[in-house]
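The residues making up each chain are set out below.
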Amino acid sequence: MLADLSPVIAATTEWLTRAYPASGGALASALCEAQARQAVTVAAWLRYPTVTDAALLGIAGPGGSARLDRISGADPDTGRDTDDAAWRSWVDEVVASWAACLLADPGLAAGAVAGLAGGDHTRGTAPDFRRLVAPDRRDRQAAALLRHPDLLASVAGLHHTQLLGRLGRGPALIA
């Protein structure tokens, strides 16, 4: 069983950086990717908080990018080869949506990072998500599209309520 989230993190990061690319050259692309990867990592760790959850994802699969492609306006059949379809099958829609929420709202991102404390993924470590929670001027410039709330709204809105619920900020569930 796969208990490692790295394929989902890599594919979902790739999807976000293709859908909301950096502008400004190689350094901007690297900064944009770093921010996307941090947001996707936090989102994946929140979505799949235990090793068992990650293993079950490995069995069931994440679902792919088809709906995200439609929502973002990407043409799913234009210029794609089998390699492109393969990595897209590892994109997790909920993780992408939650990452978009975190990228658009640094306060929410800080709360999400704090919510990781003591979980299976952070046990014994103190991961640094500075580019996500406290982006500097260069980070913001490099990821202008990736962090623009209006541009992210269609993707972020898909599962925003579930993220707030996971973080304990949503409406209470009635039994």
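Our subject is the structure listed above.
By convention here, each chain's residues receive numbers from 1 onward along its written sequence. Thresholds applied to this predicted model are a pLDDT of at least 70 for local features of residues and 80 or more for the giving and counting of side-chain atom pairs; totals over whole chains, interfaces and linings are not thresholded and use all residues. Think of the side-chain values as coming from all heavy atoms in the structure, minus any hydrogens and water.

A closer look at the overall build of the protein chain
Helix and strand counts for the protein chain come out as eleven helices and zero strands. As defined in this context, the radius of gyration uses C-alpha atoms, and a globule is described by 2.2 Å times the residue total to the power 0.38. Scaling as 2.2 N^0.38, a compact globule of 175 residues should have a C-alpha radius of gyration of about 16 Å, and the protein chain matches this with 16 Å. Considered along the principal axes of its C-alpha atoms, the protein chain spans approximately 45 × 40 × 35 Å. Across the 175 residues that make up the protein chain, the buried fraction comes to 40%. Two residues form a contact once any of their heavy atoms are found within 4.5 Å. Long-range contacts, defined here as pairs at least 24 residues apart, represent 83% of the contacts in the protein chain between residues at least 6 apart. Of the roughly 8800 Å² that the protein chain leaves accessible, carbon and sulfur atoms contribute 56%. Counting 16 positive and 18 negative side-chain charges, the protein chain places the averaged centre of each group 6 Å from the other. What counts as a helix is a DSSP run of H or I of at least four residues, what counts as a strand is a run of E of at least two, and both are numbered from the N terminus. Three exposure classes are used, based on accessible area relative to the maximum for each residue type with a 1.4 Å probe and protein chains only: buried under 20%, partly exposed in between, and exposed over 50%. With residues, only the protein chains shown are counted as cover, and all accessible areas are computed by Shrake-Rupley using a 1.4 Å probe. The charge count treats Lys and Arg as positive and Asp and Glu as negative. His and the chain ends do not count. Where a charge sits is defined by one atom per residue type, namely NZ (Lys), CZ (Arg), CG (Asp) or CD (Glu).

Details of the packing of helix 6 (residues 93-104) against helix 10 (residues 149-156)
Two elements in contact, helix 6 and helix 10, have axes separated by 8 Å at closest approach and are oriented at 155°. Comparing their axes, helix 10 and helix 6 come out roughly antiparallel. Handedness of the helix 6/helix 10 crossing: left-handed. Residues A96, S97, A100, C101, L103 and A104 of helix 6 lie in contact with helix 10, whose contacting residues are P149, L152, V155 and A156. What counts as an axis is a line fitted to C-alpha atoms, over the stretch in contact for a helix, and the angles between N-to-C directions run from 0 to 180 degrees. Between 65 and 115 degrees an angle is taken as roughly perpendicular, under 35 as roughly parallel, over 145 as roughly antiparallel, and anywhere else as oblique. It is the rotation of the near helix from the far one that decides the hand of a crossing: anticlockwise by less than a right angle makes it left-handed, clockwise makes it right-handed.

Some remarks on the nonpolar core
Residues belong to a common nonpolar core when they are buried Ala, Val, Leu, Ile, Met, Phe, Trp, Tyr or Cys residues joined through side-chain atoms within 4.5 Å. Membership of the largest hydrophobic core comes to 46 residues, with the highest contact counts inside it found for L16 and L102. Leave out the neighbours within four places in its chain, and L102 touches A39, V42, A43, L108, A109, A112, L132 and L163.

Some remarks on the environment of A39
Within the fold, A39 resides in helix 2 (residues 26-47). A residue is classified by how much of its surface remains accessible, and A39, at 0% relative accessible area, is buried. Between the alpha carbons of A39 and R137 there is a distance of 18 Å; along the sequence they are 98 residues apart. Contact partners of A39, with chain neighbours within four places excluded, come to A99, L102, L103 and L132.

Section: helix 6
Look at helix 6: 17 Å from first C-alpha to last across twelve residues, which is about the 16 Å you get at 1.5 Å a residue. By the N-cap criterion, in which a side-chain oxygen at the helix start approaches the backbone nitrogen of a residue two or three places on, helix 6 is capped by D92, the distance to V94 being 3.0 Å. To estimate how far a helix should reach, multiply one less than its number of residues by 1.5 Å. Any pair of nitrogen or oxygen atoms within 3.5 Å is treated as a polar contact; in protein, a donor-acceptor pairing is required on top of that, and neighbouring residues in sequence qualify only through side-chain atoms on both sides.

Things to note about the packing of aromatic side chains
Aromatic rings from Phe, Tyr and Trp, taking only the six-membered ring of Trp, are treated as a pair when their centres fall within 6.5 Å; an angle between ring planes under 30 degrees marks them as stacked, one over 60 as edge-to-face, and anything in between as tilted. Per the stated rule, a full pass over the model turns up two aromatic pairs. Between W15 and Y20 the ring centres are 6.4 Å apart and the planes differ by 80°, which places this aromatic pair in the edge-to-face class. Accessibility assignment for this pair places W15 and Y20 in one class, buried. Between the aromatic rings of W45 and F129, the centroid separation amounts to 5.9 Å while the plane-to-plane angle is 80°, which identifies the pairing as edge-to-face. Of this pair, W45 sits in helix 2 while F129 is found in the loop between helix 7 (106-115) and helix 8 (130-133), placing the two residues 84 residues apart along the sequence. Of the two residues, W45 and F129, neither departs from the other in class, the shared state being buried.

By themselves these figures say nothing about function.
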